[in-house]
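Architecture and fold: a report
If you want the building blocks of each chain, they are given just below.
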Amino acid sequence: MTSGPLAARWFRVIATFEAISWTALLVAMFLKWIVKAPHEGGVPVVGMIHGVGFVIYLLSTVWAARRLGWGLRVTLLGFVAGFPPFGTIVFERWLVRHGLLTTGSARSSDAVGSPSRG
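Notes on the structure in this doc start here. This is a predicted model, so every value here is computed, not measured. Within every chain, residues take consecutive numbers counted from 1 along the sequence as written. Reporting of local features is limited, given that this is a predicted model, to residues whose pLDDT is at least 70; pairs of side-chain atoms are given and counted only at 80 or more, and all residues count toward the totals for whole chains, interfaces and linings. Hydrogens and waters are ignored; side-chain quantities use all the structure's heavy atoms.

**What about the overall build of the chain?**
Helix and strand assignments come from DSSP, with helices taken as H or I runs of at least 4 residues and strands as E runs of at least 2, each series counted from the N terminus. If you tally the helices and strands in the chain, you get four helices and zero strands. On the chain, roughly 7,000 Å² of surface is accessible, and the fraction owed to carbon and sulfur atoms is 72%. Residue exposure ignores everything except the shown protein chains as possible cover, and the areas themselves are Shrake-Rupley values with a 1.4 Å probe.

This is the structure we're talking about:
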């Protein structure tokens, strides 16, 4: 049994969760700082959920990189994608476009970014 398809599937789920938790944190911060909602707008709770989601995203990036054969540049790009809001979704879509969420991606991950691939 190969874990490549499982890693790809879970990476997509976790990347989406991380983006949703980012959105929830942005809403909570808006409620806290702009609306002046009670209970800090939920920032402590939503912040913790987002923090845990972020760590899980980083771990899933390592797992997917190992299982799917991503090169160092692609893996580091995945880490960086976790920082801006919705970056994980953009990165996941980029992976799909370049065929890097399949088990045969080990051979093509080094060629990503070369002019011939577009």
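The rest of the description comes next.
**Regarding the pattern of salt bridges**
Pairing is possible between side chains that carry opposite charge, provided their charged atoms lie close to one another. By definition, a salt bridge exists where a carboxyl oxygen of Asp or Glu is found within 4 Å of a side-chain nitrogen of Lys or Arg. With the rule as written, the count across this model stands at three salt bridges. The shortest N-O distance in the salt bridge between Arg-12 and Glu-92 comes to 2.5 Å. Taken as a pair, Arg-12 in helix α1 (residues 4-35) and Glu-92 in helix α4 (residues 87-97) lie far apart in primary sequence, 80 residues in all. Taking relative accessible area as the criterion, Arg-12 reaches 39% and is therefore assigned partly exposed. The partner of Glu-92 in a salt bridge is Arg-93, with the nearest N and O atoms 3.1 Å apart. The cut-offs for exposure are 20% and 50% of the maximum accessible area for each residue type, with area from a 1.4 Å probe on protein chains only; residues under the lower value are buried, those over the upper are exposed, and the others partly exposed. Classification of Glu-92 by relative accessible area gives buried; the value is 3%.

**Regarding the packing of aromatic side chains**
Only Phe, Tyr and Trp rings take part, Trp by its six-membered ring, and two of them pair if their centres are within 6.5 Å. Stacked means planes under 30 degrees apart, edge-to-face means over 60, and tilted covers everything else. All told, the structure shown has six aromatic pairs when counted by the stated rule. Centre to centre, the rings of Phe-91 and Trp-94 are 6.0 Å apart; their planes meet at 20 degrees, and the pair counts as stacked. A residue pair is termed a helical-turn pair when its members lie 3 or 4 positions apart in one helix, as Phe-91 and Trp-94 do in helix α4 at three residues. Grouping residues by exposure puts Phe-91 and Trp-94 together as buried. Here a set of aromatic residues connected by ring pairs shows up, and it is made of Phe-11, Tyr-57, Trp-70, Phe-91 and Trp-94.

**Some details on the nonpolar core**
In this description, a nonpolar core means a group of buried Ala, Val, Leu, Ile, Met, Phe, Trp, Tyr and Cys residues linked to one another through side-chain atoms lying within 4.5 Å. Ranked by internal contacts, the top residues of the largest apolar core, which has 16 residues, are Phe-11, Tyr-57, Trp-70, Val-74, Phe-91, Leu-95 and Leu-101. Sorting the residues of this core by element identifies α1, α2 (43-68), α3 (72-81) and α4 as the ones contributing at least two each. Contacts between residues were defined by any pair of non-hydrogen atoms, one from each residue, lying within 4.5 Å. Ignoring sequence-local partners within four residues, the contact set of Phe-11 consists of Tyr-57, Ser-60, Thr-61, Ala-64, Trp-70, Phe-91, Glu-92, Leu-95 and Leu-101.

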